[in-house]
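# Results of the structural survey
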Amino acid sequence: MTIKLYNTLTDGLEEFKPIRPREVWMYHCGPTVYDYVHIGNLRSFLLADIIRRAFEFFEFEVRQVMNITDVGIGGNNDEGEDKIIKGLKREGKTVSMKSMKELGDFYTERFKEDIVKLNIEMPHVLPKASEHIPEQIELIKILEGKDFTYKTSDGIYFDTSRDKHYGKLGRISKDGESRIEQNLEKRNSQDFALWKFNSNLGFPSPWGQGFPGWHLECSVMSTKYLGNTFDIHTGGIDLASIHHNNEIAQSESACGCELAHYWLHNEFVNVADAPTSLKLRGVDKMAKSKGNQITLKILVEKGFNPLAYRYLLLMAHYRTPVIFSWEALEAAQNAYRKLKETVSTYHVDTTSVELSLMYVKEFTDTLENDLNTPEALAVVWKLVKDESISPADKYATLLNFDKVLGLDLEHNEFEIKDIPEEVQKLINKRESVRATGDYQKADKLREQIKNLGFVVEDTASGQKISKL
Ligand code: AMP
Ligand code: ZN
């Protein structure tokens, strides 16, 4: 078995070699819990899930750690305000350590609900930054002892010029041209805060009250739960150049060893922005800061099945950008519904069931090739259409694949047990309208039925109804 993964560190496909035989230990940058996560964020958590499920499918033991950022200054630019404080201000709440904790806890729970809805396996450890302050202070002390830090009027900074490997991930330039320089006290433009002073709020530290820098928590919590060097580190592609390089700088300068062997990054979920008279329609990254975010809650309120979004994401390789649109989601949901309905017809009570080994091999090959989920889905459809495989064998093989895909193919919630009277009336009306050949009216009725949460398909044997 040769599993190939694209490693941002070496900028190429590499054969995966675990530190411990048949085990994978990995760390994922998790959510900043100052708001609901959006469906772009969920793509990064889905990548974590697919890696876990694929390795479990390959019979590896997996240990997964994902941090919860419930404290920490700024984003990539550490001049920024603490995002949790920003969240409190947005919600008109008093800013205090107690309210910061309450806000963080609230959105952590909403995040967990979302990942359950998306059938993402709960990571084994979900450590919170706020519960690892002593360890973060300890790491700064180690870096201070090795002369990697300096003090300015607003905090303690990491001196990137002292780290000769700084910026090795994604091979960023040392000049930091892309960064807007705001802090004239910094020795180098790429230096970043390890601790930021705050006289009103924060945690006590040897340098004064304040908050840890955002990058610090990941260095501390990854190594606390996975050891100094672990197998895989993941996150969205926006984290590679600064956040991950800073994590590497802190951890590797402190321990003198490599932080993670493989760095995997998912591409963005983008959204088409509204055309203006000056600008043609373009695409933009989905981000809370841009105000174009869509949450899973909105998607469900519009009548979509969260797993239809999972299906949509699986249709793209994790290193390919996805342009989200409601039309694309609708098409994904239709394909997903069709798949579930087809699978539900295969379930036959028979004891003579065998996995189709030929298809298992094909499916495994797609995953071994840098987790190629669109190809894995193509294998699924190829199997569905293959008449030489018995329904019972197809069923068993597809459920086996579903251990990785996580599409809950075993259940068909689109199947209807009771059609509400109001909907049945419209269906009957549509049947008679269709008989007269008035397709325009039939289409209008289809829309009305859809607004009530049901989908009508015209088949050779008449109208077929399923749940939206
Ligand atoms: P945050 O809550 O901002 O810390 O982000 C959590 C995760 O979501 C990180 O791994 C980000 O890189 C990732 N992420 C943020 N925006 C997007 C997006 N539009 N598409 C895909 N991943 C994203
Ligand atoms: Zn991180």
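On a predicted model such as this, the values are computed, not experimentally measured, just so you know.

### A closer look at the state of the cysteines
Throughout the structure, instances matching the rule amount to one disulfide. Between Cys255 and Cys257 runs a disulfide, and the two sulfur atoms are separated by 2.1 Å. Taking the sign of the torsion about the S-S bond as the criterion, the disulfide between Cys255 and Cys257, at about -110 degrees, is left-handed. Exposure remark for Cys257: the relative accessible area of 24% places this residue in the partly exposed category.

### Things to note about the coordination of the zinc ion (ligand 2)
For the zinc ion (ligand 2), the full set of protein donor atoms is Cys29 (SG), Cys218 (SG) and His243 (NE2), at a range of 2.0 to 2.2 Å. The sequence pattern formed by the donor residues of the zinc ion (ligand 2) is C-x188-C-x24-H. With Cys29 in the loop between strand S3 (23–28) and helix H1 (39–57) and His243 in helix H6 (residues 240–255), the pair connects residues that are 214 residues apart, well separated along the chain. Comparing Cys29 with His243, the two get one shared label, buried.

### Let's talk about the pattern of salt bridges
Side chains carrying opposite charge are able to pair once their charged atoms draw close together. On inspection of all chains with the given rule, the structure shows 30 salt bridges. Its salt-bridge partner being Arg310, residue Asp49 comes within 2.9 Å of it at the nearest N-O pair. Of this pair, Asp49 sits in helix H1 while Arg310 sits in helix H8 (residues 306–314), and the two are 261 residues apart along the sequence. The exposure classification of Asp49 matches that of Arg310, with both residues buried. Notably, a salt bridge pairs Lys98 with Glu102, separated by 3.2 Å at the nearest N-O pair.

### Some thoughts on the domain arrangement of the protein chain
Under the domain assignment, the protein chain is made up of domain 1 (4–266), domain 2 (269–405) and domain 3 (416–467). A separation of 29 Å is found between the C-alpha centroids of domain 1 and domain 2. Of the residues lining the interface, 33 residues belong to domain 1; the matching set on domain 2 comes to 36 residues. Taken over both partners, the interface formed by domain 1 and domain 2 buries close to 3,000 Å², and the fraction arising from carbon and sulfur atoms is 68%. In terms of surface lost to domain 2, no three residues of domain 1 exceed Ile39, Arg43 and Phe57, which account for 27% of the buried area on that side. Viewed at the interface, domain 2 and domain 1 are joined by two salt bridges. The salt bridge partner of Asp238 is Lys285, with a shortest N-O separation of 3.4 Å. Connecting domain 1 to domain 2 are 12 residue pairs in polar contact (both at pLDDT 80 or more). Sorting elements by how many residues they give to the side of domain 1 that touches domain 2 places H1 first, with 13 residues. Grouping the amino acids of the side of domain 1 that touches domain 2 by side-chain chemistry returns 18 nonpolar, seven polar and eight charged.

### Looking at the confidence of the model for the protein chain
On average, the protein chain scores 91 in pLDDT, and the residues at 70 or more come to 93%. Predicted confidence is poor over residues 175–179, with pLDDT under 50, and the contacts of this stretch with residues over four places away or in other chains come to 12 contacts.

### A word on the environment of Gly256
Here Gly256 shows up in the loop between H6 and strand S10 (260–266). Residue Gly256 is classed as exposed on the basis of its relative accessible area of 65%. Spatially, the C-alpha atoms of Gly256 and Asn228 are 9.4 Å apart, while their sequence positions differ by 28 residues.

### Points about the site of ligand 1
Close to ligand 1 lie 18 residues, the nearest being Thr32, Gly236, Asp238, Val269 and Met286. Between ligand 1 and the protein, one listed contact pairs an oxygen atom with a backbone N or O atom of Gly236 at 2.9 Å. At 2.5 Å from an oxygen atom of ligand 1 is found a side-chain nitrogen or oxygen belonging to Asp238. In the complex, 93% of the free accessible area of ligand 1, which totals 490 Å², lies under the protein chains. When contributions to the shell around ligand 1 are tallied by element, the ones reaching two or more residues are H1 and strand S9 (230–236).

### Overview of the sheet that holds strand S4 (residues 61–66)
With parallel pairing, four strands are arranged side by side in an open sheet as S4-S3-S9-S10. Lying at the two open borders of the sheet, with one neighbouring strand each, are S4 and S10. Across the sheet, the mean angle separating the axes of adjacent strands is 20 degrees when strand polarity is ignored. Judged from the three bridges that link them, S3 and S9 form a sheet pairing that is parallel. Along S9, the bridge assignment pairs Met26 with Ile232.

### Points about the packing of aromatic side chains
Scanning the model with the defined rule gives 22 aromatic pairs in all. Judged by centre distance (5.9 Å) and plane angle (85 degrees), the rings of Phe55 and Phe58 are edge-to-face. In this pair, the class of Phe55 matches that of Phe58, namely buried. With centroids separated by 5.0 Å and ring planes inclined at 70 degrees, the aromatic side chains of Phe55 and Phe60 adopt a geometry described as edge-to-face. The exposure class assigned to Phe60 is buried, which follows from its relative accessible area of 10%. Put simply, the rings of Phe16, Phe55, Phe57, Phe58, Phe60, Tyr262, Phe363 and Phe401 pair up and form one aromatic cluster.

Rules behind the numbers
Residues numbered from 1 in each chain as written. Chains lettered and ligands numbered in written order. Predicted model: local features only at pLDDT ≥ 70, side-chain atom pairs only at ≥ 80, totals over all residues. Heavy atoms only, no water. Disulfide = S-S within 2.5 Å. Buried < 20%, exposed > 50% of the residue type's maximum accessible area, 1.4 Å probe, protein only. Donors = N, O, S within 2.8 Å, 3.2 Å for Na, K, Ca; no water. Helix = DSSP H or I, 4+ residues; strand = E, 2+ residues; numbered from the N terminus. Salt bridge = Lys/Arg side-chain N within 4 Å of Asp/Glu carboxyl O. Domains from an automatic or database assignment. Contact = heavy atoms within 4.5 Å. Buried area = accessible area lost by both parts, 1.4 Å probe. Polar contact = N/O pair within 3.5 Å; in protein donor to acceptor, adjacent residues only side chain to side chain. Nonpolar A, V, L, I, M, F, W, Y, C, P; charged D, E, K, R; others polar. pLDDT = per-residue confidence, 0-100. Near = heavy atom within 4 Å. Areas by Shrake-Rupley, 256 points an atom, 1.4 Å probe, with all protein chains shown as cover. Pairing = 2+ DSSP bridges. Axes fitted to C-alpha atoms, helices over the stretch in contact; angles between N-to-C directions. Phe/Tyr/Trp six-rings, centres within 6.5 Å; stacked < 30°, edge-to-face > 60°.

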